[in-house]
Amino acid sequence: MKHLRATDGPRWGRMYAGAMVRHMIESHEMAMRRLEVKRPVISWFRGPHVRWLALRVPMRWGRDVPTLPELDIMRRGNYTVDFAAEQSGLLHLVEEFCACSASELLPEHPLLGRFSREDWMRWGYLHADHHLRQFNR
């Protein structure tokens, strides 16, 4: 994340670099119980098989995967940020996230269902990888 620049454009999707950093911050805040999101009504997605596929199959997440409405920064319109401050905040938050115990993390991912601490750590890695590839980083 520290090599990302405010001027970097996406290889796919609608987000620009500042919006992606804010999306990553809010996603981690959700995982750490600091930002509440609604659980969508997609029952088949919440089973152990989909969770296993999303977290364990050695494939990168695909492009244009939809996000939860509360975490869709682009729905807010023109989101402006102090990029350096947001980027620094994200790096600090990721360190905090990695130090969380299981009880400090949500027991369930809103889309994928029950998550262990190990699942959250794997999600964090895959989510960051997905968005860094989006910006060719």
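Residues numbered from 1 in each chain as written. Predicted model: local features only at pLDDT ≥ 70, side-chain atom pairs only at ≥ 80, totals over all residues. Heavy atoms only, no water.

Chemist: Explain the pattern of salt bridges here, please?
Modeler: Where charged atoms from two side chains of opposite charge come close, those side chains can pair. Using the criterion set out here, one finds 13 salt bridges in the structure. Of the charged contacts in the structure, one is a salt bridge between D72 and R14, with a shortest N-O distance of 2.9 Å. Linking D72 in the loop between α2 (48-56) and α3 (83-98) with R14 in the segment before α1 (17-31), this pair joins segments that are 58 residues apart in sequence. Given the relative accessible area of 56%, R14 is considered exposed. Shared partners join several salt bridges into a network, and the residues in it are R22, E26, R76 and E86. (Salt bridge = Lys/Arg side-chain N within 4 Å of Asp/Glu carboxyl O. Helix = DSSP H or I, 4+ residues; strand = E, 2+ residues; numbered from the N terminus. Buried < 20%, exposed > 50% of the residue type's maximum accessible area, 1.4 Å probe, protein only.)

Chemist: Got a minute to help me understand the layout of surface pockets in this structure?
Modeler: A water-sized probe rolled over the atoms picks out the places where empty space is left. Taken as a whole, the largest pocket holds about 790 Å³ of empty space. Elements with a minimum of two residues in the lining of the largest pocket: α1, α2 and α4 (117-134). Within the lining of the largest pocket, the residues separate by chemical class into 17 nonpolar, 10 polar and three charged. (1 Å grid on protein atoms, 1.4 Å probe; cavity = no way out; pocket = protein on both sides within 12 Å on 5 of 7 lines; lining within 4 Å. Points joined across faces, edges and corners; volume = space filled by probe spheres on them. Nonpolar A, V, L, I, M, F, W, Y, C, P; charged D, E, K, R; others polar.)

Chemist: What exactly am I supposed to notice about α1 here?
Modeler: Note that an α-helix has 3.6 residues per turn; residues three or four places apart therefore point the same way. Relative to the 21 Å expected for 15 residues at 1.5 Å per residue, α1 spans 21 Å between its end C-alpha atoms, a close match to the ideal helical length. With its phi angle positive at about 65°, R33 sits one or two positions after the end of α1. (Expected span 1.5 Å × (residues − 1).)

Chemist: Any chance you could explain the nonpolar core here in plain terms?
Modeler: Taken as a class, soluble globular proteins show a tendency for nonpolar side chains to be buried jointly. M1, L4, M20, F97, L105, W120 and W123 are the most contacted members of the largest nonpolar core, which has 36 residues in total. When residues of this core are traced back to their parent elements, those giving at least two are α1, α2, α3 and α4. When residues of this core are assigned to their parent elements, the largest contribution, eight residues, is made by α1. If we ignore the near neighbours within four places in the chain, the residues touching M1 are M20, M24, Q87, L90, L91, A128 and L132. (Core = buried A, V, L, I, M, F, W, Y, C linked by side-chain atoms within 4.5 Å. Contact = heavy atoms within 4.5 Å.)

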